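Examination of the molecular architecture
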Amino acid sequence: MIRINELSLPLDHSDDALRRAIVKRLNIRDADLLDVTVFKRSYDARKKNSAIVFIYIVDLEVRDEGKVLARFANDLHVRPAPDTRYYPVAEAPANLEARPLVIGFGPCGLFAALLLAQMGFRPIVLERGKNVRSRTKDTWALWRKKVLSPESNVQFGEGGAGLFSDGKLYSQIKDPKFYARKVMHEFVRAGAPEEIMYVNKPHIGTFRLTGVVAKMREEIIALGGEVRFESRVTDLLIDNGQVEGVVLANGDTLHSRHVILALGHSSRDTFRMLHRQGVHIEAKPFAIGFRIEHPQGMIDKARLGKYAGHPALGAADYKLVHHAKNGRAVYSFCMCPGGTVVAATSEPGRVVTNGMSQYSRNERNANSGIVVGINPEQDFPGDALAGVELQERLEERAYELGGSDYCAPAQLVGDFIRGVPSSEFGEVEPSYTPGVRLGDLSPSLPAFAIDAIREALPAFGRKIRGFDRDNAILTGIETRTSSPVRITRHHDTLQSLNTRGLYPAGEGAGYAGGILSAGVDGIKVAEALAKALLSDMDAA
Ligand code: FAD
């Protein structure tokens, strides 16, 4: 296979234009181009008012590949294509007795379990929440009727925190083994749109993701695995530094010396249990802030100029950073084009926001987190759980400022910058349900964070015209941007620093920051576990 990088074509090119461009670029006959696979398609919007172009990376089969490559030996954009297929690292023996446990069925646990199942290890998944169907009902009960189910919500249940999300599937992780391709490939096999394999910033959207996750669960079960919902792990059995099993909330005990811990960032009771048990945990940096909403049309115009609304480009996104005078970095986080701000608490008496969208991304508003990085040394000194405690305090205050009924506190951007409370909406209507309460957001976060955001918004307005418009809406608060703890592991065995057989993984353990990276981490720990389990069997 040959790979060509940086093949650019006009936005409105015809279906056969790509093939013609390849034939021309390689100077071969059309009949000698045997197969074309688009590996990646992005667009270059730097010339948004003259010509936005698509940039392709394509993998090709051609006749006489060696000769073609020899002709392009000095051309960095025409190279042999890397092999991006996934090869399993282990196969379970038929006499396998020791079944691995996977705690948590978010993207990390899902991929860990799927990989283990595909290698024949028949994992048992323990998930505290419910299956996608029941969970969807419970989550909507908070959004529509202000009824929270602490064990079945945006954070907990089949599919994990990423289920009701924008379903953005990109990440900046280093991925020399192409695990992200494996994640995408499995999503497509389970019903995700084929284009996620090649578009530059793929996304699935909430409703498609629910079907995909349920299908993947069926495959795990068909391969001999088990998925147990409403099975909260409340304790670990540890003997002499080796994990020996888990205890569930209903009192059941399951024995295993190989346990993947894919908890997500919101399982605070489980973090406390691990800390009590002496599993190595440390506090880590995260970020706090608000969600901001603007009309999507305004963002499209700023980003895509005369191409705003072009069907091939979809709703535009943005990424912004500002280094404030007080030394704090303020940045946009989890931007959701054409989406909604959602209530994302998993605990009674607390309010926290996040964002989601459907595949079509055609809601009126664009939203993103505008957040300030914080770190343990400066902002929450104390023990490993000090960040968790800070989140809890801030989320409680947000609940009170919102009126103590799961509505969120909100303020117009202009009023926030001027430091006056808001009392009336302008043109931008907030999308958060069950609703917002207008007022003053400044008591909701520490003063340094308020100052930094106040300074950043006008700076962002200089990058995206209208970003700091008076009637844009800020909804509070964003605290669960990433895990406040790291459950540290050895970099080679991927087992906990001080608990053998325990594989901390995914976002909750501090090893991922999104759906794709959590899925990739799930693959990594599944491989490490499979190899260790086989070597234990050899040694026995
Ligand atoms: P999680 O998805 O959090 O899964 C952890 C699972 O473990 C949960 O299902 C939980 O119930 C279970 N669990 C926890 N404790 C226990 C226990 N003691 N016993 C049994 N089970 C337990 N990321 C993106 O990349 N793109 C997006 O567009 C995006 N949008 C988001 C929108 C929202 C509203 C939210 C909340 C998050 C979004 N994210 C997005 C972040 C993304 O969802 C997470 O990064 C990702 O889900 C982390 O995966 P994970 O498997 O590590 O943890």
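Residues numbered from 1 in each chain as written. Predicted model: local features only at pLDDT ≥ 70, side-chain atom pairs only at ≥ 80, totals over all residues.

Before going further, it helps to spend a moment on the overall build of the protein. Within the protein one finds 13 helices and 23 strands. Computed over its C-alpha atoms, the radius of gyration of the protein comes to 24 Å, within 12% of the 24 Å expected for a compact globule of 540 residues. Expressed as lengths along the three principal axes of its C-alpha atoms, the size of the protein is roughly 70 × 65 × 40 Å. By residue count, 47% of the 540 residues in the protein fall in the buried class. Taking contacts inside the protein between residues at least 6 apart in sequence as the whole, the part at least 24 apart equals 72%. (Helix = DSSP H or I, 4+ residues; strand = E, 2+ residues; numbered from the N terminus. Rg over C-alpha atoms; globule rule 2.2 N^0.38 Å. Buried ≥ 20, exposed ≤ 12 C-beta atoms within 10 Å, placed from the backbone. Contact = placed C-beta atoms within 7 Å.)

This next bit is on the site of the ligand. Around the ligand lies a shell of 45 residues, among which Gly104, Gly106, Gly160, Gly264 and Gly506 are the nearest. Contributions of two or more residues to the shell around the ligand are made by α3 (107–118), β17 (353–356) and α13 (515–539). Domain assignment of the residues forming the shell around the ligand places at least three in each of domain 2 (101–282 + 485–539) and domain 3 (285–478). (Near = placed C-beta within 6 Å. Domains from an automatic or database assignment.)

Looking now at the domain arrangement of the protein. A common measure of how large an interface is: the accessible area buried when the components associate. Taken domain by domain, the protein comprises domain 1 (2–80), domain 2 (101–282 + 485–539) and domain 3 (285–478). Distance from the C-alpha centre of domain 2 to the C-alpha centre of domain 3: 28 Å. Contact with domain 2, which involves 27 residues of that partner, is made by 25 residues of domain 3. Elements that contribute at least two residues to the side of domain 2 that touches domain 3 include exactly α4 (132–145), α6 (206–222) and α7 (268–277). The greatest single-element share of the side of domain 2 that touches domain 3, amounting to four residues, is contributed by α7. Looking at the side of domain 2 that touches domain 3 residue by residue, the class counts come to 12 nonpolar, seven polar and eight charged. (Nonpolar A, V, L, I, M, F, W, Y, C, P; charged D, E, K, R; others polar.)

With 100% of its residues at a pLDDT of at least 70, the protein reaches an overall mean of 95. For this predicted complex, the interface score ipTM comes out at 0.99, while the overall pTM is 0.96. (pLDDT = per-residue confidence, 0-100.)

This next bit is on the nonpolar core. Ile103, Ala112, Ile260, Leu261, Tyr503 and Ala505 are the most contacted members of the largest nonpolar core, which totals 129 residues. Among the elements that line this core, the one with the most residues is α13, at 12 residues. Those residues in contact with tyrosine 503 that sit more than four places away from it in its chain are Val259, Ile260, Leu261, Arg489, Leu494, Gln495, Val525, Ala528 and Leu529. Counting 15 residues, the second largest nonpolar core, distinct from the first, contains Ile52, Leu60, Ile299 and Ala316. (Core = buried A, V, L, I, M, F, W, Y, C linked by C-beta atoms within 7 Å.)

Once that is clear, we can look at the pairing of strand β13 (residues 286–295). Where burial is concerned, most of β13 is hidden: nine out of the 10 residues are buried. Here β13 pairs with strand β18 (residues 365–374) via 10 bridges, running antiparallel. Considered in β18, the bridge of glycine 289 is made with valine 371. Both β13 and strand β21 (residues 473–478) contribute to a ladder of five bridges, which runs antiparallel. Looking at β21, one finds that isoleucine 292 is bridged to leucine 474. (Pairing = 2+ DSSP bridges.)

In this section: the UniProt feature "domain: FAD dependent oxidoreductase" (unreviewed entry) in the protein. Those places that UniProt annotates as "domain: FAD dependent oxidoreductase" (unreviewed entry) correspond, in this numbering, to residues 210–283. Overall, residues 210–283 shows 31% helix and 34% strand. The separation of its end C-alpha atoms is 32 Å. (UniProt positions renumbered as here; feature names shortened; annotations may be inferred.)

This paragraph deals with unusual backbone geometry. For residues other than glycine, phi is negative in most cases, and the peptide bonds are mostly trans. For the bond from threonine 433 to proline 434, the omega torsion is 15°, close enough to zero to count as cis. Inspection of the secondary structure puts proline 434 in the loop between α11 (413–418) and β20 (436–438). That bond from glycine 476 to isoleucine 477 is cis: its omega, -5°, falls within 30 degrees of zero. Along the chain, the position of isoleucine 477 falls in strand β21. Phi at cysteine 334 takes a positive value of approximately 50°, unusual for a residue other than glycine.

This part is about the sheet that holds β18. With mixed pairing, seven strands are arranged side by side in an open sheet as β14-β15-β18-β13-β21-β19-β20. Of all the strands in the sheet, the pair left with one neighbour each is β14 (321–323) and β20. When strand polarity is set aside, the average angle formed by the axes of neighbouring strands in this sheet is 30°. As paired elements, strand β19 (residues 408–412) and β21 share three bridges and run antiparallel to each other. The residue of β21 that forms the bridge with glutamine 411 is leucine 474. (Axes fitted to C-alpha atoms, helices over the stretch in contact; angles between N-to-C directions.)

Taken together, the five strands give an open sheet; going across it, the order is β7-β6-β5-β11-β23, and neighbouring strands pair in parallel fashion. The open sheet has two free edges, formed respectively by β7 (226–228) and β23 (502–504), since each of these has just one partner strand. Recorded for the sheet is a direction-independent mean angle of 20° between the axes of neighbouring strands. Bridge count for strand β5 (residues 101–103) against strand β11 (residues 259–261) is three bridges, and the pairing is parallel. Each residue of the ladder has a partner; that of leucine 101, found in β11, is valine 259. Against the sheet, α3 makes contact with β5, β6 (124–126) and β11, and its axis sits at roughly 165° relative to β5, the strand it touches most.

All right, on to the environment of serine 483 then. Mapping serine 483 onto the fold places it in the loop between β21 and β22 (485–486). For serine 483, a count of 26 C-beta atoms within 10 Å translates into the label buried. Between the C-alpha atom of serine 483 and that of asparagine 362, which follows or precedes it by 121 residues, the distance is 30 Å. The contacts of serine 483, once residues within four sequence positions are left out, are His265, Lys284, Phe286, Glu507, Gly508 and Gly510.

Time to look at the UniProt feature "domain: FAD-dependent protein C-terminal" (unreviewed entry) in the protein. In this numbering, the UniProt entry assigns the feature "domain: FAD-dependent protein C-terminal" (unreviewed entry) to residues 285–481. Structurally, residues 285–481 is divided into 26% helix and 27% strand, and its ends, taken at the C-alpha atoms, are 10 Å apart.

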